[in-house]
Structure formats: C-alpha cells, structure tokens
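Spelled out, the chains give:
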Amino acid sequence: MRKGTFAGDRERWLAVVLALGFAVGACGPPHPAPHPLTEGDGGSPAELPPPPQQATPAVPKTLYDRLGGKEGVGQLIEAFVQKLYGEKRLNRAFAKLKKDAARDTKFREMLAEQLCAETGGGCTYAGKEMKIAHKGLRITNAEWHVFIEKFTEILVERKVEEDDQSEIFSMLGKMQKEVVLK
Ligand code: HEM
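Cut-off values and rules
Residues numbered from 1 in each chain as written. Predicted model: local features only at pLDDT ≥ 70, side-chain atom pairs only at ≥ 80, totals over all residues. Helix = DSSP H or I, 4+ residues; strand = E, 2+ residues; numbered from the N terminus. Buried ≥ 20, exposed ≤ 12 C-beta atoms within 10 Å, placed from the backbone. Contact = placed C-beta atoms within 7 Å. Near = placed C-beta within 6 Å. Nonpolar A, V, L, I, M, F, W, Y, C, P; charged D, E, K, R; others polar. Axes fitted to C-alpha atoms, helices over the stretch in contact; angles between N-to-C directions. Parallel < 35°, antiparallel > 145°, perpendicular 65-115°, else oblique. Left-handed = near helix turned anticlockwise from the far one by under 90°.

Asks: Give me the lowdown on the overall build of the protein, citing residues and values where you can.
Replies: For the protein, the count of helices and strands is nine helices and zero strands. Secondary structure of the protein in N-to-C order comes out as α-α-α-α-α-α-α-α-α. Per-residue burial over the protein gives 8% buried out of 182 residues. Sequence-distant contacts in the protein: of pairs separated by 6 or more residues, those separated by 24 or more amount to 66%.

Pasting the structure below:
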C-alpha cells in the first residue's frame, strides 16, 4: 500500500480539479462574436446599410442625341442652309426658295424633322416624299455632290464622329435616286 500524507493527496487532487476546470473552461461553448451589422461598438444597434441598388442598364445614345438633340440638330440645319444659300454652284437650285420666306421656313423645319426621324429622335416626318419634294427641280448629279460636300463641311465643323458621319451619309445616299431625277 502506498504511503502518503493527507496533505500531499489533497494537493494532488486540487491540482487535478484545477486542471480539469481550466480545460472545461477553455473548451466550453464559445462566446458569440458581436454581430457586425447590429452590435457595432456595443452601444445601440448600428443602422443597416441600404440594400444594394440594382444597376440600371445604360440606355445607348441615339445618333440624334449624339448630334446634340433638338438644339444641336436645329443649329446644324440652320448652319447647313446658310451654306447652301451661300454656295454659287447651288444658285440655280435654291434661287426661288431663298426669296420665299414661307417656303424657306418650311424647308428648314422639314429638314430638321426628317433628320430627327432618321436618327432616332422620335419625330415623325410629315413633309413631302423626296421624289415629290424635288420633282420639277431638275437637280443634277453635280448639284447633289455639292449638297453632300456642304453637309460634310457642317459635320466636320461640328466635330461629329466619323462613324456617325458615315451613318448619316449612308442614310442620305439612299435618297439620291429620288432627288436627282433624269
Ligand atoms: C438626301 C438629300 C436631300 C434631302 C434629305 C432633302 C430634303 C428635303 C426636304 C425635307 C425638303 C422639304 C420637303 C417639304 O417641303 O415637304 C426639301 C425641299 C427642297 N430640296 Fe431637298 N433634300 C435633299 C437634296 C436636295 C438637293 C441635292 C437639292 C438641290 C441641290 C435640294 C433642293 C431642294 C429644294 C429647292 C427644295 C424646296 C422645294 C419646295 O419648296 O418646293 N434638295 N428637300
């Protein structure tokens, strides 16, 4: 039988009990971590951030928008008509129009409305069909090219992108056979 003092046994038991207690404490259920959204600094619950916004897909700009919308197209047509009227090679074609205020105003309005309609501006062109509008004017191919030359000058002056210029010219090109009549 092993000999020992009561005091010695008691110390050993104490050591075992302490060690067990420590171990249980260390392995006990973990303290829940403070919730980052509701328990900021231990004071009142922090406000929840707003839910993430759904990104609105960007609506692509129309050619009309890129030309400056109503104002830009209006300025473009005004500048264009000034050029047409100042061009000697187009005197024959525009001589009567220049002197007739009502026809001149209508011409400018219809050009702007047509350009708006053709470039996605949402207008409805209410003017005459190209064949009808130019009937009897006997517009030649040479005059057609001067008209396009003047339009090009305006687009360049207004710094319209080359891709947009191409889009406009392909649109105008389709009307050539209705404007230039044999
Ligand atoms: C694609 C090229 C062209 C377009 C988009 C165009 C467009 C128009 C438009 C919208 C009108 C007004 C129609 C209306 O009154 O209802 C018009 C009239 C007229 N256009 Fe053009 N045009 C083009 C080419 C030309 C050319 C090359 C000339 C001459 C060089 C010309 C000379 C005229 C004249 C003189 C009128 C006035 C007719 C009138 O009031 O009786 N156009 N054009």
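And the narrative resumes.
Asks: Account for the site of the ligand, with residues named and values stated.
Replies: Within the structure, the ligand sits among 22 residues, and Met110, Gly127, Lys128, Ala133 and Phe147 are positioned closest to it. Among the secondary structure elements, those contributing two or more residues to the shell around the ligand are helix H4 (91-99), helix H5 (101-118) and helix H7 (141-157). Ranked by the residues each element gives to the shell around the ligand, the list is headed by H5, at six residues. When the residues that make up the shell around the ligand are grouped by side-chain class, the tally is 15 nonpolar, three polar and four charged.

Asks: Which residues make up the packing of helix H3 (residues 69-86) against H7, and what values go with them?
Replies: It is at 10 Å that the axes of H3 and H7 come closest, and there the two elements cross at 140°. Taken as axis vectors, H3 and H7 run oblique relative to one another. Between H3 and H7 the crossing geometry is right-handed. Residues Leu76, Ala79, Phe80, Lys83 and Leu84 of H3 touch H7, and the partners they reach there are Lys150, Phe151, Glu153 and Ile154. Residue classes in the contact of H3 with H7 are distributed as six nonpolar, no polar and three charged.

Asks: Which residues make up unusual backbone geometry, and what values go with them?
Replies: You will see that arginine 138, though not glycine, has its phi angle at about 50°, which is positive. The topology assignment puts arginine 138 in the loop between helix H6 (130-133) and H7. Among the residues examined, arginine 138 registers 12 C-beta atoms within 10 Å and is labelled exposed. The backbone of lysine 159 shows a phi angle near 55°, a positive value even though the residue is not glycine. Its location among the elements puts lysine 159 in the loop between H7 and helix H8 (162-173).

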